[in-house]
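In case you want the letters, here they are:
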Amino acid sequence: MNYNLQFGQIAADIPYILSGAWPTLWITFVTFFLASGLGLFIAMARLKGGPIASRLAGLWVMLTTNSPLFVVLFFLFNGLPEWGILLSPIAATLIAFITISSGYLAEIQRGGIQSVHRAELDAAE
């Protein structure tokens, strides 16, 4: 098998590829920082909140980690306009990504907090 790779078309499309790189990076960073903050809040609610806050945080984690991202995006972009709520594609994307990511990050952060041994916490205090 002799392959003759031609990269001419890819080189011609680099401006289009780069024009999509900035919005992708922007959405990624905004999602990460907002979902990390929300996830930390939810993780602390699960660990240190009362019984109601802990159960609500657990419900949030269960719903967000078991919901497919595509279904959430479809609901936000196509379902909410049925009720008169119009979102831009970027807003719907950010809300969906932050919602889904916050549940996963809450569990990661909760596990990280619980993995610190009590003796290490005492030594740090």
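About the cut-offs
- Residues numbered from 1 in each chain as written.
- Predicted model: local features only at pLDDT ≥ 70, side-chain atom pairs only at ≥ 80, totals over all residues.
- Heavy atoms only, no water.
- Salt bridge = Lys/Arg side-chain N within 4 Å of Asp/Glu carboxyl O.
- Helix = DSSP H or I, 4+ residues; strand = E, 2+ residues; numbered from the N terminus.
- Buried < 20%, exposed > 50% of the residue type's maximum accessible area, 1.4 Å probe, protein only.
- Patch = residues over 30% accessible without salt bridge, like charges linked within 9 Å, V, L, I, M, F, W, Y side chains within 5 Å.
- Areas by Shrake-Rupley, 256 points an atom, 1.4 Å probe, with all protein chains shown as cover.
- Core = buried A, V, L, I, M, F, W, Y, C linked by side-chain atoms within 4.5 Å.
- Contact = heavy atoms within 4.5 Å.
- Phe/Tyr/Trp six-rings, centres within 6.5 Å; stacked < 30°, edge-to-face > 60°.
- Axes fitted to C-alpha atoms, helices over the stretch in contact; angles between N-to-C directions.
- Parallel < 35°, antiparallel > 145°, perpendicular 65-115°, else oblique.
- Left-handed = near helix turned anticlockwise from the far one by under 90°.

Asks: Would you take a moment to explain the pattern of salt bridges for this structure?
Replies: Between side chains of opposite charge, a pair can form as their charged atoms come close. The full count for this structure, using the stated rule, is 3 salt bridges. We note a salt bridge from R46 to E107, for which the minimum N-O separation is 2.3 Å. With R46 in helix α1 (residues 8-48) and E107 in helix α4 (residues 89-114), the pair connects residues that are 61 residues apart, well separated along the chain. Taking relative accessible area as the criterion, R46 reaches 28% and is therefore assigned partly exposed. Taking relative accessible area as the criterion, E107 reaches 25% and is therefore assigned partly exposed. Two residues, D122 and R118, come together in a salt bridge whose shortest N-O distance is 3.3 Å. Here D122 and its partner R118 are both found in helix α5 (residues 118-124), 4 residues apart, which amounts to about one turn of the helix. Where salt bridges share partners, they join R46, E107 and R110 into one cluster.

Asks: Can you walk me through a nonpolar patch on the surface in this structure?
Replies: Nonpolar side chains collect at one region of the surface, where M1, Y3, L5, F7, I10, I14, I17 and L18 lie side by side and expose about 1000 Å² of accessible area between them. Within the secondary structure, L18 is located in helix α1. Given a relative accessible area of 56%, L18 falls into the exposed group.

Asks: So what exactly am I meant to see when it comes to the nonpolar core here?
Replies: Core analysis: the largest hydrophobic core is formed by 6 residues, namely V72, L76, L80, A92, A96 and I100. For this core, the elements supplying multiple residues, two or more each, are α3 (69-79) and α4. If one sorts the elements of this core by residue count, α4 sits on top with 3 residues. The residues touching A92, leaving out its near neighbours within four places in the chain, are L73, L76, F77 and L87.

Asks: So what exactly am I meant to see when it comes to the packing of aromatic side chains here?
Replies: A ring pair, where both rings are aromatic, is described by two values, the distance of the centres and the angle of the planes. This structure, assessed with the given rule, holds 3 aromatic pairs. Centre to centre, the rings of F70 and F74 are 6.4 Å apart; their planes meet at 35 degrees, and the pair counts as tilted. Separated by 4 residues within a single helix, F70 and F74 lie in helix α3, roughly one turn from each other. Its relative accessible area of 63% is what places F70 among the exposed residues. Considering the side-chain rings of F75 and W83, the 5.8 Å spacing of their centres and the 70 degrees angle between planes classify their relative orientation as edge-to-face. Residue classification places W83 among the exposed residues on the basis of a relative accessible area of 63%.

Asks: Explain the packing of α1 against helix α2 (residues 51-65) to me, please; I cannot follow it from the model alone.
Replies: The angle between the axes and the distance between the axes are what describe a pair of packed helices. Running from amino to carboxyl end, α1 crosses α2 at an angle of 135 degrees, the nearest separation of the two axes being 7 Å. Classified by the interaxial angle, the pair formed by α1 and α2 is oblique. Considering how the two elements wind past one another, α1 and α2 form a crossing that is left-handed. Residues L38, I42, A45 and R46 of α1 form the contact with α2, whose own contacting residues are A53, S54, A57, G58, W60 and V61.

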